[in-house]
Amino acid sequence: MPAFFLVALIIALLPAASASAQSPVIDSARMQTAVKQSWTQAPPEWQTRLTQDETMAACSQYRNNPPRVVAQTIVAREKASIKYPADGKLIGDWKKGQKLAQSGYGGRFTDYPPRTENGGNCYACHQLSGGELSFGTLGPSLLEYGKSRKFSEADVKAVYDRIYNPQAVVACASMPRLGANGHLSIEQIKDLVAYVMSSDSPVNK
Amino acid sequence: MPQQQEEGRVRRVRRATLWLLPWVVTGGLEITLAPSLAQDAIDASEKGIQRYRQMLKADPWSNPAMLDVDRGEALWKTPRGPKAVSLDGCDLGKGPGVVKGAFAELPRYFTDADRVMDAEARIVWCMEKLQGFERAALLKNPYPGGGRATKDIGALATYVAYESNGQKLMPTLDHPKEKEALALGEALFFRRGGPMDFACATCHADQGKRIRLQGLPPLSKPVEARKVVGEWPAYRVSSNHVMTMEHRIYDCFWQMRMPEVDLGSEVPVALTMYLVKTAEGGEINAPGLKR
């Protein structure tokens, strides 16, 4: 009997002992405490930037590779965030879109009070027009994106959705949720859709 | 020591020729690029930096950051602050006054502060506790604008890092709080936040990516981290001053649209711990030179 208890005790203690030898587990509450204490000088209107919404928290936890059920929940939630223009027209002015695609302005602490409108910063991550070689490679090339899709209406909507909220398409996508996070307006997104999807845009020449 | 003063004077003289550096390194990058020149510009910029790195090997004193090594050394050794004492009593982890080799084991746990600190956090601690400087004043606007010299904390950190040159990054991780800092730093590296949903990993996890024309080192990969982490603090040519690792991280948080992170606070220290641990075994080659 005592021997049995001893074995049981050892077995009971084993997982605890091996767990303590591993590196400590950091949950989102622990991270949040660190974040709060590391941004003590942030003005009140910046406080929301210190917290995460459910999607950010899940993508952080799973390092952008969420299990299927979680991914489905994210896509459903993010889809619901997308707002469309009242008149249903998804294509704006590609020339304005071009400027927005070039501009990385907006949202940085040196950008207040705002001196101009927020940009989409697409060139930071994507190749778009063949004429602009100063482009980043975090995202896929969008050169001739509209042309290669025959300017189809379905793809126009897909691009609108993608810019408004890429996580409505792919859970934990790296591209920012520019519409859903309030960085770009519906009008601006329409102009960007035009830049990517209209036949007279330099992206498709 | 007279010999050190002599060395200092020599360094100061060589600096005079350094004003050309931004031209050498950035080439045409600051101008709007003619399309066909963009790739050339990346190459030219890289070549400029490469060329300059070779010059640095031949003559380490030709790095403008040596100015701040000098300044930092003077700041360290001069009695300053309300208590008018030098930092010779400052314990960077290897005992009071021991600067040589200390940087190689930072960040580390300090019993007196009961927390993990990197070079900058520890320097602030010593300036407050030993010299009597007011902490809040030290932490207010701690980083210089473009073209302005790094502030005292930055110069001190540059001196401290320089004194570990040639050694390998070797965080000890003996204390549970050091282990926790590492785990926290890793989690924070993947933590997405702000209006762009960015995490450090968005820009620094994959090989061969760039933002516009700027290459992004994958800092979660030991082989890559070892190449760059030991170069900080570094002279950054495009902003004409030395940046410490915490300043670099602060700047990346700016890109992430986060507010200004406090110098020496838990987040930048934990991230530094993660970067240093990932780069473990990499050689300290500070101050380095960056685009």
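Residues numbered from 1 in each chain as written. Chains lettered and ligands numbered in written order. Predicted model: local features only at pLDDT ≥ 70, side-chain atom pairs only at ≥ 80, totals over all residues. Heavy atoms only, no water.

K.L.:
For this particular structure, what's the right way to read the state of the cysteines?
P.N.:
Joining two cysteines, a disulfide is a covalent bond between their sulfur atoms. The final tally for this structure, using the stated rule, is two disulfides over all chains. Between the sulfur atoms of C59(A) and its disulfide mate C172(A) the distance is 2.1 Å. Looking along the S-S bond of the C59(A)-C172(A) disulfide, the torsion reads about -90°, which is the left-handed sense. Here C59(A), found in helix 3 (residues 54–61), pairs with C172(A), found in the loop between helix 7 (153–164) and helix 8 (186–197); they are 113 residues apart in sequence, far enough to count as distant. Assigned by exposure class, C59(A) and C172(A) land together as buried. Here C90(B) connects covalently by a disulfide to C126(B), the sulfurs 2.1 Å from one another. Judged by the sign of its S-S torsion, about 75°, the bond between C90(B) and C126(B) is right-handed. Taken as a pair, C90(B) in the loop between helix 4 (66–77) and strand 1 (108–110) and C126(B) in helix 5 (residues 119–129) lie far apart in primary sequence, 36 residues in all. Judged by relative accessible area, C90(B) falls into the buried class, the value being 1%. (Disulfide = S-S within 2.5 Å. Helix = DSSP H or I, 4+ residues; strand = E, 2+ residues; numbered from the N terminus. Buried < 20%, exposed > 50% of the residue type's maximum accessible area, 1.4 Å probe, protein only.)

K.L.:
Where do I start with the sheet that holds strand 5 (residues 234–236) of chain B in this structure?
P.N.:
One key point about sheets: their strands pair by backbone hydrogen bonds, in either a parallel or an antiparallel sense. Residues and elements named next belong to chain B. Pairing in this open sheet of three strands is mixed, and the strands run 6-5-7 from one edge to the other. Looking at strand neighbours, the two that pair on one side only are strand 6 (241–243) and strand 7 (288–290), the edges of this open sheet. On average, each strand axis in the sheet is inclined to that of its neighbour by 35°, with strand direction left out of account. Relative to strand 6, strand 5 runs antiparallel, the two sharing three bridges. Within strand 6, the residue paired with A234 across the bridge is M243. (Pairing = 2+ DSSP bridges. Axes fitted to C-alpha atoms, helices over the stretch in contact; angles between N-to-C directions.)

K.L.:
Is there a simple way to think about the pattern of salt bridges in this case?
P.N.:
Charged atoms that come close allow side chains of opposite charge to pair. Counted by the stated rule, this structure contains 26 salt bridges over all chains. As a salt-bridge pair, R77(A) and E78(A) come within 4.0 Å of each other at their nearest N and O atoms. For E78(A), a relative accessible area of 5% puts it in the buried group. The partner of E128(B) in a salt bridge is K129(B), with the nearest N and O atoms 3.8 Å apart. The exposure class assigned to K129(B) is partly exposed, which follows from its relative accessible area of 40%. When salt bridges with common partners are traced through the structure, they connect D53(A), E54(A), R77(A), E78(A), R177(A) and D197(B) into a single cluster. (Salt bridge = Lys/Arg side-chain N within 4 Å of Asp/Glu carboxyl O.)

K.L.:
Could you clarify how one ought to interpret helix 3 of chain A in this entry?
P.N.:
Residues three or four positions apart in an α-helix share a direction because the helix packs 3.6 residues into each turn. All names here are of chain A. Those residues of helix 3 that fall on the buried side of the exposure criterion are T55, M56, A58, C59 and S60. On its buried face, helix 3 is in contact with helix 4 (68–79). Capping the start of helix 3 is the job of one residue whose side-chain oxygen sits 3.1 Å from the backbone nitrogen of T55: D53. Immediately downstream of helix 3, the backbone of R63 shows phi near 50°, a positive value. (Contact = heavy atoms within 4.5 Å. Polar contact = N/O pair within 3.5 Å; in protein donor to acceptor, adjacent residues only side chain to side chain.)

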